[in-house]
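These are the residues of each chain, in order.
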Amino acid sequence: MSSSTTLYGGVSGRRVTVRDLTGAKERGERWPMVTAYDAMTARVFDQAGIPVLLVGDSAAMVVYGYDSTLPVTVDDLLPLTAAVVRGSSRALVVADLPFGSYQSSPQQALESAARFMKESGAHAVKLEGGRRVLPQVEALVSAGVPVMAHLGLTPQSVNVMGGYRVQGRGQSGDELMSDAKDLERAGAFSVVLECVPADLAQRVTTSLSIPTIGIGAGAGTDAQVLVWQDLMGLTPRPAKFVKRYSDLAGEMDRAVRAFADEVTSGAFPAPEHTYS
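Thresholds, definitions, all that
- Residue positions within a chain follow its written sequence, with the count starting from 1.
- Local features in a predicted model are, by the rule used here, given only for residues with pLDDT of at least 70; side-chain atom pairs are given and counted only at 80 or more, and totals for whole chains, interfaces and linings are based on all residues.
- The side-chain quantities take in all heavy atoms of the structure and omit both hydrogens and water.
- By definition, any uninterrupted DSSP run of H or I lasting at least four residues is a helix, any uninterrupted run of E lasting at least two residues is a strand, and each is numbered from the N terminus.
- We compute the radius of gyration from the C-alpha atoms alone; for a globule the expected value is 2.2 Å times N to the 0.38, where N is the number of residues.
- Here the term buried applies to any residue with accessible area under 20% of the maximum for its type, exposed to any over 50%, and partly exposed to those in between, with areas from a 1.4 Å probe on protein chains only.
- When checking whether two residues touch, look at their non-hydrogen atoms; a contact exists if any pair is within 4.5 Å.
- Residue-level accessible areas treat just the shown protein chains as cover; the underlying method is Shrake-Rupley with a 1.4 Å probe.
- The charged-residue count follows a simple rule in which Lys and Arg add positive charge and Asp and Glu add negative charge, with His and chain termini not counted at all.
- For this purpose, a charge sits on NZ of Lys, CZ of Arg, CG of Asp or CD of Glu.
- Axis definition: a line fitted to C-alpha atoms, limited for helices to the stretch in contact. Angles are taken between N-to-C directions and run from 0 to 180 degrees.
- The scheme is simple: roughly parallel for angles under 35 degrees, roughly antiparallel for over 145, roughly perpendicular for 65 to 115, oblique for anything else.
- By convention, the crossing between two helices is left-handed when the near helix turns anticlockwise from the far helix through less than a right angle, and right-handed when the turn is clockwise.
- Gly is placed with the polar residues, together with every amino acid not listed as nonpolar (Ala, Val, Leu, Ile, Met, Phe, Trp, Tyr, Cys and Pro) or charged (Asp, Glu, Lys and Arg).
- UniProt positions are given in the numbering used here, feature names are shortened, and annotations may be inferred rather than shown by experiment.
- Each domain span listed reflects an automatic or database assignment of domains.
- Values labelled buried area give the accessible surface lost by two parts on being combined, using a 1.4 Å probe and summing over both.
- Salt bridges are identified by distance alone: a Lys or Arg side-chain nitrogen within 4 Å of an Asp or Glu carboxyl oxygen.
- As used in this record, nonpolar core signifies buried Ala, Val, Leu, Ile, Met, Phe, Trp, Tyr and Cys residues forming a set joined through side-chain atoms within 4.5 Å.
- Strand pairing is defined by DSSP finding a minimum of two bridges between the two strands.
- What qualifies as a polar contact is a pair of N or O atoms within 3.5 Å, subject to a donor-acceptor requirement within protein and to the restriction that residues adjacent in sequence count only when both atoms come from side chains.

Undergrad: How should I be thinking about the overall build of the protein chain in this particular structure?
TA: Secondary structure assignment for the protein chain yields 11 helices and 8 strands. Relative to the globule expectation of 19 Å for 276 residues, the C-alpha radius of gyration of the protein chain, 20 Å, shows essentially globular dimensions. With the principal axes as the frame, the protein chain shows a C-alpha extent of 70 × 45 × 35 Å. Buried positions account for 50% of the 276 residues belonging to the protein chain. Here the contacts in the protein chain between residues at least 6 apart in sequence split such that 58% fall between residues at least 24 apart. For the protein chain, the accessible area works out to roughly 13200 Å², and carbon and sulfur atoms hold 55% of it. One finds the centroid of the 25 positive side-chain charges in the protein chain at a distance of 5 Å from the centroid of its 29 negative side-chain charges.

Take a look at the structure:
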């Protein structure tokens, strides 16, 4: 990707790479990341120019109907990731390593990441945590697996954190800053900052040479990410940091009611929808 091509919306004959993300930070260019879980939505987002698609463990809730991210497994996420890879041609596809697939050891992390890279075609993986996962990050990077880190509110640790709460206030902000710098030194190519005070996110962003991706972290990060069902208005009670850009739930309700009404009245199928 040439330096004259922007990361968001650019036209390229190849996939976006982690080097492109670093280049965008150097240019001061902000960029969007959204989640995707199937080929059709991945194709829409890819054609819109979204440079990074995340197959998040949020699939546990928005795809599988659980009330947290904890139950989803590698086997659950592999086919979703493969679908997103097949449905896109330009975006960098990042796969979440789900709870229980990397915490026990660097070897477990490498085995899980290798499955995503080999079986689904993912281009990178994401994992949660700071200093406790540094050995995992180092092992993955040394094996050639690009790693996106995740600090702040880490949903896989929600039970330890006592719920979905803002992280990084007071002394814990210094710890988060230290973790971010350690993750960069370990080789992470970017770091997600979730539900942290905006001033802290700004300071972390300034202190790192790798991109930061905010979600509920203010406007000072290098990129922003949202779950696509949240930004499209499908989820009934989104978090404070979510902005709804559409009322897809309302539009789907209208469309399916119109279909049902025409079926019950006999108006559908009409002659133009019928074979002779």
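Past the structure itself, the notes keep going.
Undergrad: Sorry if this is basic, but what is going on with the packing of helix H2 (residues 39-47) against helix H4 (residues 74-87) here?
TA: If you want to describe how two helices pack, look at the angle between their axes and the distance between the axes. Packing of H2 against H4 brings their axes to within 7 Å, and their N-to-C directions diverge by 40 degrees. Between H2 and H4, the interaxial angle falls into the category oblique. With respect to the hand of their crossing, H2 and H4 are arranged in right-handed fashion. Packed against H2, whose contacting residues are Ala39, Ala42 and Arg43, the element H4 presents Ala83, Val84, Arg86 and Gly87 at the interface. In terms of residue class, the contact of H2 with H4 is made up of 4 nonpolar, 1 polar and 2 charged.

Undergrad: Is there a simple way to think about the UniProt feature "binding site: Mg(2+)" (unreviewed entry) in the protein chain in this case?
TA: Using the residue numbers shown here, the UniProt feature "binding site: Mg(2+)" (unreviewed entry) corresponds to Asp57, Asp96 and Glu128. Spanning 72 residues, the annotated positions come together in the fold, the maximum distance between their C-alpha atoms being 11.0 Å. Along the chain, Asp57 turns up in the loop between strand E2 (52-55) and helix H3 (59-62). Residue class for Asp57 comes out buried when judged on its relative accessible area of 5%. Excluding anything up to four places from it in sequence, Asp57 contacts Thr69, Val72, Leu77, Asp96, Glu128 and Gln156. Mapped onto the elements, Glu128 comes out in the loop between strand E4 (124-126) and helix H6 (134-142).

Undergrad: Please explain the domain arrangement of the protein chain as it appears in this structure.
TA: Interfaces are often sized by the amount of accessible area the parts lose when they come together. With domains assigned, the protein chain is organised as domain 1 (18-245) and domain 2 (246-275). Between domain 1 and domain 2, the C-alpha centre-to-centre distance is 38 Å. Contact residues are listed per partner, giving 7 residues for domain 1 and 5 residues for domain 2. Buried surface at the junction of domain 1 and domain 2, summed over both partners, amounts to about 430 Å²; 59% is from carbon and sulfur atoms. On the surface where domain 1 and domain 2 come into contact, there are 0 salt bridges. Of the residues that constitute the side of domain 1 that touches domain 2, the class distribution is 5 nonpolar, 1 polar and 1 charged.

Undergrad: I keep staring at the nonpolar core and nothing clicks. Help me out?
TA: For soluble globular proteins, nonpolar side chains are generally found buried alongside one another. Counting residues in hydrophobic clusters, the biggest one holds 56 residues, and the most contacted among them are Leu53, Phe116, Leu140 and Leu193. For this core, the element with the most residues is H4, which contributes 6 residues. The residues touching Leu193, leaving out its near neighbours within four places in the chain, are Leu151, Leu176, Ala201, Val204, Thr212, Ile213, Gly214, Ile215, Ala217 and Thr221. Core analysis: the next-biggest nonpolar cluster, separate from the first, contains 18 residues, Trp31, Met148, Val192 and Ala223 among them.

Undergrad: Whenever I open this one, the pattern of salt bridges confuses me. Can you help?
TA: Pairing between side chains of opposite charge can happen when their charged atoms approach one another. All chains considered together, the criterion is met by 10 salt bridges. Across the pair Glu251 and Arg254 runs a salt bridge whose closest N-O atoms are separated by 2.9 Å. Of this pair, Glu251 and Arg254 both sit in helix H11 (residues 248-265), 3 residues apart, roughly one helical turn. What emerges from the salt-bridge pattern is a single network uniting Asp75, Arg115 and Glu119.

Undergrad: Whenever I open this one, the sheet that holds strand E6 (residues 190-194) confuses me. Can you help?
TA: Across a sheet, strands are paired by hydrogen bonds formed along the backbone, either parallel or antiparallel in direction. Read once around its circumference, the closed barrel built from 8 strands follows the order E1-E2-E3-E4-E5-E6-E7-E8, with strand pairing classed as parallel. For this sheet, the mean inter-axis angle between neighbouring strands, taken without regard to orientation, is 25 degrees. Pairing between E6 and strand E7 (residues 212-215): 4 bridges, direction parallel. Looking at E7, one finds that Glu194 is bridged to Ile215.

Undergrad: What am I meant to see in the side chain of Asp96 here?
TA: In this fold, Asp96 is placed in strand E3 (residues 92-96). Judged by relative accessible area, which is 2%, Asp96 ranks as buried. A distance of 2.8 Å separates the side chain of Asp96 from the side chain of Lys126, its partner in a polar contact. Setting aside its immediate chain neighbours within four residues, Asp96 contacts Leu54, Val55, Gly56, Asp57, Leu77, Phe116 and Lys126.

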